[in-house]
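# Coordinate analysis (summary)
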Amino acid sequence: MTQSRSKKALLIGIPLALAAAIGGGFLVWNTFYNGNPGYPLKIIKQADELQDRVLSFDSHITVPLEFGTAGNEADKDGPGQFDLAKAAKGRLSGAALTVFGWPEIWNGPNAPHRPTAGFVEAARNEQEARYQIITGMVRDFPNQVGIAYTPDDLRRLHGEGKFAVFISMLNAYPLGNDLNQLDKWAARGMRMFGFSYVGNNDWADSSRPLPFFNDTPDALGGLSDTGKQAVQRLNDLGVIIDVSQMSTKALEQVSQLSRTPMIASHSAPRALVDIPRNLSDKEMQLIKDSGGVVQIVGFATYLRPLSTASQDKLNTLRSQFDLPPLHSLEMALMPGDAIITVWPEQRFGQYAAGLYGIVEEEPKATLKDYGDAIDYAVKKIGIDHVGISSDFNDGGGLDGWKDVSETRNVTAELLQRGYSEADIAKLWGGNFLRVWDTVQRAAKPTSTL
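Everything quoted here is computed from the prediction, not taken from an experiment.

Here we take up the packing of helix α14 (residues 367–381) against helix α15 (residues 407–416). Remark: α14 packs on α15, axes separated minimally by 10 Å, with the N-to-C direction vectors making an angle of 60°. Relative to α15, the element α14 is oriented oblique. α14 and α15 meet at a crossing whose hand is right-handed. For the pair α14 and α15, the contacting residues are L367, K368, Y370, G371 and I374 in the first and N409, V410, E413 and L414 in the second. Split into classes, the residues belonging to the contact of α14 with α15 amount to five nonpolar, two polar and two charged.

Printed below as a string of structure tokens:
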């Protein structure tokens, strides 16, 4: 319920008076007021003012398939982590909304061990559904939101006070081996393409191969021939290549083949949590060397290792399924043991449900943890090669940044750490826009765009 002005005054009157009595300037607002997780008043005021001015861009948000339906309207403050109402409250200028497709393997005990033609079709249907959701939102609310097809579009929409949608695609799996799908989707507005998600596909090895699909690490040795051709095609189309979730070998091959900068749209440093899904220092350096950007993701378990209590629970679960004790955090965050290949589907489903249930109960990482990850990346590869992403609606969310409405708190954390307003503008979108400008200029005039 929205509080009246007089009630708000009552809530903060005593702390304000106390702050005035001791000189002010270092008031820590209560968590219940304005969503502030505990920053000094001076920092909050500066963050509010900066958030009103800066072009802020989140490079990875997933659109739920129910988005835009009754109870999940795009223009209302609904149950999800993103909608136009939350974006307005958080003063977020724009985001990469992901046209994402993945076969549903978790929803029943009878799913086959390998992807089938039916899975491919279902994943393609998911892609199309999400695209229609995005374009439908723009059609229905033209005064609030628009699609950015170019960097100048994004800047213009920001100047007009409209939310800018950047269309990205994650996972080559639904495209089969058809490179012409890239031309089709680029013509429809896709401006960033990520080869990989969980599980290898026909284009690239994933950083998280799935034994349930008979995957093995580095099965393709990085990129397949199709994947290698895709790098050239994406360069020609002026589409940014997203290397998040790729295997190390695949990322290295993209760095060798691409003539444009790479972006990791939603990743974290492996030095903080040692899992293949995170980026090693070498991988971050390759992205920097390309002129690209590592968009640090607000995903709790990628920023802070699981607690001892959670690992103990997981080891208890593993013993119940005759698995050895954990030897890496990789096996703690997904059902990745090789033996799973020969398990019956029902056994796999039971173990996966238990594992994810334990991980979900882990206390959320905080904005401090997130700031630590940004600090690490900036020290390793420089302020010009780091950016911000949430991974909202697909596992992202932190204590203090639970949804788009709390965007301002990220800015407050950065200010608290001593980042200048100019550097915060780079992190929030300036670096991403620089890469997009470069990729667009490198496109071949003969592309289908």
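For residues other than glycine, phi is negative in most cases, and the peptide bonds are mostly trans. The residue Q245 is not glycine, and still its phi comes out positive at about 80°. As for its position among the elements, Q245 is in the loop between β6 (240–242) and α8 (248–257). A relative accessible area of 4% places Q245 in the buried class. Phi at N393 takes a positive value of approximately 70°, unusual for a residue other than glycine. Along the chain, N393 falls in the loop between β9 (386–389) and α15.

Attention shifts here to helix α11 (residues 308–320). Relative to the 18 Å expected for 13 residues at 1.5 Å per residue, α11 spans 19 Å between its end C-alpha atoms, a close match to the ideal helical length. When α11 is considered as a whole, its buried residues turn out to be S310, L314, L317 and R318. End-on, the buried residues of α11 take up no more than an arc of 100°, which puts them together on one face. Exposed and oriented more than 90 degrees from the buried face of α11 are T308 and Q320. Those residues of α11 that are buried are in contact with α12 (329–333) and α13 (345–360). Positive phi appears at D322, one or two residues downstream of α11, with a value of about 60°.

What counts, and where the lines are drawn
Sequence order as written defines the numbering, with residues in each chain counted from 1. Local features in a predicted model are, by the rule used here, given only for residues with pLDDT of at least 70; side-chain atom pairs are given and counted only at 80 or more, and totals for whole chains, interfaces and linings are based on all residues. Based on all heavy atoms of the structure, the side-chain values leave hydrogens and waters out of the count. Angular values range over 0 to 180 degrees, each being the angle between N-to-C directions of two axes fitted as lines to C-alpha atoms, with helices fitted over their stretch in contact. In this description a helix means any DSSP run of H or I spanning at least four residues, a strand means any run of E spanning at least two, and both kinds are numbered starting from the N terminus. An angle below 35 degrees is treated as roughly parallel, one above 145 as roughly antiparallel, one from 65 to 115 as roughly perpendicular, and anything else as oblique. A clockwise turn of the near helix away from the far one marks a right-handed crossing, whereas an anticlockwise turn of less than a right angle marks a left-handed crossing. Should any heavy atoms of two residues lie within 4.5 Å, those residues are considered in contact. Three residue categories are used. Nonpolar comprises Ala, Val, Leu, Ile, Met, Phe, Trp, Tyr, Cys and Pro, charged comprises Asp, Glu, Lys and Arg, and polar comprises the others, including Gly. Per-residue accessibility, obtained with a 1.4 Å probe over protein chains only, is compared with the maximum for each type, and a residue is labelled buried under 20%, exposed over 50%, and partly exposed between these values. Any helix carries an expected span of 1.5 Å times its number of residues minus one. To obtain the arc, one takes the directions from the helix axis to the C-beta atoms.

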